[in-house]
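# Results of the structural survey
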2 protein chains.
Amino acid sequence: MSNILITGGAGFIGSHLVDRLLSEGHRVVVIDNLSLGLERNIAHNLSNASFEFIKGDVLDKNLMTKIFNDTKFDIVFHLAANSDIARSHADPSVDLNMTFMTTYSVLEQMRTHDVKKLMFASTSAIYGNAYGIEVTETYGPLFPTSHYGACKLASEGIIASYCENYGIQAYITRFPNVCGERTTHGVLHDFVKKLKKHPCELEVLGDGRQAKPYLYVKDLVDAILFVIQHSNNQINYFNLGVEGNTTVTKIAEMVISSMGLSAKIRYTGGDRGWVGDVPLFRYNLDKIHQLGWKASLSSDEAVQKAIDYILKVDLCNL
Amino acid sequence: MSNILITGGAGFIGSHLVDRLLSEGHRVVVIDNLSLGLERNIAHNLSNASFEFIKGDVLDKNLMTKIFNDTKFDIVFHLAANSDIARSHADPSVDLNMTFMTTYSVLEQMRTHDVKKLMFASTSAIYGNAYGIEVTETYGPLFPTSHYGACKLASEGIIASYCENYGIQAYITRFPNVCGERTTHGVLHDFVKKLKKHPCELEVLGDGRQAKPYLYVKDLVDAILFVIQHSNNQINYFNLGVEGNTTVTKIAEMVISSMGLSAKIRYTGGDRGWVGDVPLFRYNLDKIHQLGWKASLSSDEAVQKAIDYILKVDLCNL
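Throughout what follows, the structure given in this document is the object of discussion. (Residues numbered from 1 in each chain as written. Chains lettered and ligands numbered in written order. Predicted model: local features only at pLDDT ≥ 70, side-chain atom pairs only at ≥ 80, totals over all residues. Heavy atoms only, no water.)

### Considering the interface of chain B and chain A
It is common to give the size of an interface as the accessible area lost on bringing the parts into contact. Each partner contributes to the interface: chain B provides 42 residues, whereas chain A provides 42 residues. Both faces combined, the contact of chain B with chain A buries some 3,100 Å², and carbon together with sulfur accounts for 65% of it. Looking only at chain B, the three residues that lose the most surface to chain A are B:Phe143, B:Glu164 and B:Asn165, adding up to 19% of its buried area. Inspection of the chain B/chain A interface yields zero salt bridges. Between the two partners, chain B and chain A, sit 14 residue pairs in polar contact (both at pLDDT 80 or more). Secondary structure elements with two or more residues in the side of chain B that touches chain A: helix H3 (93-113), helix H4 (147-166), strand E7 (169-175) and strand E12 (235-239) of chain B. By residue number, the principal contributor to the side of chain B that touches chain A is H4(B), which donates 14 residues. (Contact = heavy atoms within 4.5 Å. Buried area = accessible area lost by both parts, 1.4 Å probe. Salt bridge = Lys/Arg side-chain N within 4 Å of Asp/Glu carboxyl O. Polar contact = N/O pair within 3.5 Å; in protein donor to acceptor, adjacent residues only side chain to side chain. Helix = DSSP H or I, 4+ residues; strand = E, 2+ residues; numbered from the N terminus.)

What follows is the structure, given as structure tokens:
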């Protein structure tokens, strides 16, 4: 049994991590300010004596100090971040604070409370516009196109220097797009909303050929824990993902079909959905495969899980 | 004639850049809080009508807004940073604020005042412990060992996302160790101080075999301006440096000899001088060489220039 802190533990991915770690018998503390996380994602665990939910901000130094004083954590899973890449174009401070400064805050508590193990939710977005290249974990140069990617890269950098300076061990797992139950935003949600308004035609940004791998959220959680169990360097860094991609056109077709519609797809044209988006992304997974882990669901299957969830839940509550 | 802002323009490197740009007929504004910079580095320019010195902090938003309101800059040279790598081990906030947040502050002013060209003083320290590898500009993974390197990497990341989001053009030049007139700290200073105290024996941290390339500061300034003139991508990134290295032992011998002493060198042993130091560093310079630039002084010659300067100036004033 370990004492575990999960920042952003009420979020889409964090809450699945909570479920899994509680099921394995660990004591789990979650801090989440519910700016993006949802209480209903963790509501079913509130009566569990091994679970504690603290509604608060990772940037609140007094609160963080109290949390680290109250429990000697064996490991911190740092997932708190702005998860909406497009949002911070108009206000870069969103990612500066939510995606980077949260990491610094966590590291400072770890340094001053002698906590030695960190799992960090990084992202394929650190690789920027790697057109036509299948990016490995050692790809360079790292010029992210989004503030989100930039602040995740910044986080990786400062995690590395904390590892060297204070003997911390880090698990840096770089997520692709993730799909599944409790998804809260993104192209699937946009398509469902659009189709509820206009059931006969679906407007798709770009040319529909943007292809991304979508990893099933429970596979992602499995991969994270697999890496922690099977890799033991000071800095352990892995692309996490699934073989194959799903194009925007395929997603549009799956949503239309799942809603029982026969809408026509209309493309706005061009190769990008929004500024900072990465149109053609390929992810090399040799390293995680060689460690012995593979995803159980395909990218398309992960997308379908998410669509089924969105259609089951009242959209107004999302 | 361009309007130029130089942050950290009273520092060791910044002040040489000021001299060069004024000599070329540009209008130069310097902001420097003199926490590391020295007024005497720019004193000779204070009467120049094309020069303006503002004593203040790049993190002072009101002041920065006023500076950007007063002048429409053609380019910003962002050099302000904590330049003492070892210093922030005990207090990581030093580099967080001085090395990273200063970059964010500059970028925010550029974004809101529509300034489109940025030169950024990056560093070989972003490459971390690349033992035995000759690092090119595309080397990865980027796991810096010092907070300084981490905060420079973080700066590169957010510069890249500002370029993509707001159409800024960036010149990211990665400095090696730099030597020459106006140097303010580092191993040369330490050696001179130690020898003034104990003229018969010089204690050297590590085994003396740590080798680094030392670029002459006026060569560095020349390289920066050469890159800006000859490279025209959205993000232009270059290792800047000099072929060959100078070992710590060689430096010790040069200092002893320049002081007219015959001190014995005593090594503390081990392969590192301090936590976060990079013992064996090799820098690939093909990219800058192919652009058509080479250093005029060797690493040893650059070190000698710095030693001559240190010995000429009263150490108490350094």
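And the narrative resumes.
### Structural notes on helix H7 (residues 248-258) of chain B
Three- or four-residue spacings in an α-helix give side chains the same orientation, since the helix completes a turn every 3.6 residues. For H7(B), the full list of buried residues reads B:Val248, B:Thr249, B:Ile251, B:Ala252, B:Met254, B:Val255 and B:Ile256. Taken from the residues just after H7(B), B:Gly260 is the one with a positive phi, measuring 70 degrees. (Buried < 20%, exposed > 50% of the residue type's maximum accessible area, 1.4 Å probe, protein only.)

### Focus on the relation of the copies chain B and chain A
When chain B is brought onto chain A, the operation consists of a screw motion whose angular component is 180 degrees and whose axial shift is 0.0 Å, with 0.0 Å RMSD remaining. One copy is carried onto the other by what is essentially a two-fold rotation axis. Among all residues of chain B, the one whose C-alpha sits closest to the rotation axis is B:Ala154, at a distance of 1.9 Å. (Least-squares fit on C-alpha atoms with pLDDT ≥ 70 in both.)

### Focus on the sheet that holds strand E12 (residues 235-239) of chain A
All names here are of chain A. The parallel open sheet is built from seven strands, whose spatial order is E3-E2-E1-E4-E5-E7-E12. Strands with a single pairing partner mark the edges of an open sheet, and in this sheet they are strand E3 (51-55) and E12. Each neighbouring strand pair of the sheet contributes to a mean axis angle of 15 degrees, computed without reference to strand direction. Contacting strand E1 (3-7), strand E2 (27-32), E3 and strand E4 (75-78), helix H2 (residues 61-70) runs over the sheet at an angle of about 180 degrees to E2. (Pairing = 2+ DSSP bridges. Axes fitted to C-alpha atoms, helices over the stretch in contact; angles between N-to-C directions.)

### Thoughts on the sheet that holds strand E4 (residues 75-78) of chain B
Residues and elements named next belong to chain B. The seven strands are arranged E3-E2-E1-E4-E5-E7-E12 in an open sheet whose pairing can be described as parallel. The strands lining the two open edges of the sheet, one partner per strand, are strand E3 (51-55) and E12. The sheet shows a mean angle of 15 degrees between the axes of neighbouring strands, taken without regard to direction. Pairing analysis gives three bridges linking E4 to strand E5 (residues 117-123), with the strands arranged parallel. Note on E5: the bridge partner recorded for Phe77 is Met119.

### Some details on the nonpolar core
Soluble, globular proteins show a tendency: their nonpolar side chains are buried together. One finds A:Ile6, A:Phe77, A:Leu240, B:Ile6, B:Phe77 and B:Leu240 to be the most contacted residues of the largest nonpolar core, which totals 140 residues. With 73 residues, the next largest nonpolar core counts A:Tyr237, B:Leu5, B:Val115 and B:Ile168 among its residues. (Core = buried A, V, L, I, M, F, W, Y, C linked by side-chain atoms within 4.5 Å.)

### A short note on unusual backbone geometry
Residues and elements named next belong to chain A. Of note, the amide linkage connecting Gly140 to Pro141 takes the cis form, showing an omega dihedral of 5 degrees. Relative to the helices and strands, Pro141 is located in the loop between strand E6 (134-135) and helix H4 (147-166). Positive phi, close to 75 degrees, is recorded for Arg182, a residue that is not glycine. Relative to the helices and strands, Arg182 resides in the loop between strand E8 (177-179) and helix H5 (187-197). Among the residues examined, Arg182 registers a relative accessible area of 14% and is labelled buried.

### A word on the pairing of E1(A)
Working note: regular strand, side chains alternate between the two faces of the sheet. Residue and element names in this part refer to chain A. Counting buried positions over the five residues of E1 gives five, a clear majority of the element. Residues Asn3, Leu5 and Thr7 line one face of E1 and the alternating positions Ile4 and Ile6 line the opposite face, and both faces are buried. As paired strands, E1 and E2 are joined by five bridges and run parallel to one another. Bridge pairing in E2 links Ile6 to Val30. As for the winding sense of the linkage, the β-α-β connection from E1 through helix H1 (residues 12-23) to E2 is right-handed. Sheet topology places E1 next to E4; four bridges connect them, and they run parallel. Across the sheet, residue Ile4 finds its bridge partner in E4, namely Ile75. (Right-handed = clockwise from strand over helix to strand, strands pointing away.)

### Section: helix H6 (residues 217-230) of chain B
Given a rise of 1.5 Å per residue, 14 residues ought to cover 20 Å, and the 20 Å separating the end C-alpha atoms of H6(B) matches this to within 8%. Buried within H6(B) we find B:Val217, B:Asp219, B:Leu220, B:Val221, B:Ala223, B:Ile224, B:Leu225, B:Phe226, B:Val227 and B:Ile228. (Expected span 1.5 Å × (residues − 1).)

### Structural notes on the packing of aromatic side chains
Residue and element names in this part refer to chain A. In total, this model carries eleven aromatic pairs over all chains according to the counting rule given. Geometrically, the ring pair formed by Tyr127 and Tyr283 is edge-to-face, given 6.2 Å between the ring centres and 75 degrees between the ring planes. One end of the pair, Tyr127, is in the loop between strand E5 (117-123) and E6; the other, Tyr283, is in strand E15 (residues 282-283), and 156 residues separate them in sequence. The class for Tyr127 is buried, based on a relative accessible area of 1%. Following the ring pairs from residue to residue traces out a cluster consisting of Tyr127, Tyr139 and Tyr283. (Phe/Tyr/Trp six-rings, centres within 6.5 Å; stacked < 30°, edge-to-face > 60°.)

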